[in-house]
Amino acid sequence: MKKLVLSMVLGSAFMVSCGPKSTAVTGPKFTSSEHLAQGKTVFENSCNRCHKLPDPAKHDDQGWIKTLSRMAPKAKLSDEQHQMVYDYLISANKK
């Protein structure tokens, strides 16, 4: 019984650490300057808690989809915040 409980606890801890991959973003959605500014703020405040902010030019549009799908759950971003960060990054990348 103890082994069963221990394996369940360890399995749960593993699942939480890996976290689900977000599939909220498939392409650009928000283009207003207000949404892009909000995306920049979320990016700066959320991503900077754990690491230096990456250069938006680091990835192309598809690269950011992959990176953010992995990182958004760790940063506890809502689907809308995830989308706004993505849209900010690709808009900053095109400048």
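Residues numbered from 1 in each chain as written. Predicted model: local features only at pLDDT ≥ 70, side-chain atom pairs only at ≥ 80, totals over all residues. Heavy atoms only, no water.

An unreviewed UniProt entry lists the protein chain under the name Cytochrome C, from Chryseobacterium zhengzhouense.

1. Quick look at helix α2 (residues 33-47)
Taking 1.5 Å as the rise per residue, α2 with 15 residues should run 21 Å; its terminal C-alpha atoms sit 20 Å apart, in good agreement. Of the positions making up α2, those classed as buried are L36, G39, V42, F43, S46 and C47. On an axial view of α2, the arc spanned by its buried residues comes to 120°, and they lie on one face. Set apart from the buried face of α2 by more than 90 degrees, the exposed residues are S33 and E34. (Helix = DSSP H or I, 4+ residues; strand = E, 2+ residues; numbered from the N terminus. Expected span 1.5 Å × (residues − 1). Buried < 20%, exposed > 50% of the residue type's maximum accessible area, 1.4 Å probe, protein only. Arc of directions from axis to C-beta.)

2. Concerning helix α4 (residues 79-93)
If you check α4, its first and last C-alpha atoms are 21 Å apart, about what 15 residues at 1.5 Å a residue would give, namely 21 Å. Turning to α4, its buried residues are H82, Q83, M84, V85, Y86, D87, Y88, L89 and I90.

3. Things to note about the pattern of salt bridges
Under the defined criterion, the tally for this structure stands at two salt bridges. Here D61 and K94 are joined by a salt bridge, their closest N and O atoms 3.2 Å apart. Residue D61 is located in helix α3 (residues 61-71), and its partner K94 is located in the segment after α4; the two are separated by 33 residues in the primary sequence. Among the residues examined, K94 registers a relative accessible area of 58% and is labelled exposed. (Salt bridge = Lys/Arg side-chain N within 4 Å of Asp/Glu carboxyl O.)

4. Looking at the nonpolar core
Residues F43, W64, L68, L77, V85, Y86 and L89 are the most contacted members of the largest nonpolar core, which totals 15 residues. When contributions to this core are tallied by element, the ones reaching two or more residues are α2, α3 and α4. Ranked by residue count, the leading element in this core is α4, at five residues. (Core = buried A, V, L, I, M, F, W, Y, C linked by side-chain atoms within 4.5 Å.)

5. Topic: unusual backbone geometry
Backbone geometry places K76, a non-glycine residue, at a positive phi of 60°. Inspection of the secondary structure assignment puts K76 in the loop between α3 and α4.

6. Quick word on the packing of α3 against α4
Relative orientation and spacing of two packed helices are given, respectively, by the angle between their axes and the distance between those axes. Contact geometry of α3 with α4 gives a least axis separation of 10 Å together with a crossing angle of 150°. Taken together, the axes of α3 and α4 are roughly antiparallel relative to one another. At the point where α3 passes α4, the crossing takes the right-handed sense. Contact residues: D61, W64, I65, L68 and S69 in α3; H82, V85, Y86, L89, I90 and N93 in α4. Among the residues forming the contact of α3 with α4, the class breakdown is seven nonpolar, three polar and one charged. (Axes fitted to C-alpha atoms, helices over the stretch in contact; angles between N-to-C directions. Parallel < 35°, antiparallel > 145°, perpendicular 65-115°, else oblique. Left-handed = near helix turned anticlockwise from the far one by under 90°. Contact = heavy atoms within 4.5 Å. Nonpolar A, V, L, I, M, F, W, Y, C, P; charged D, E, K, R; others polar.)

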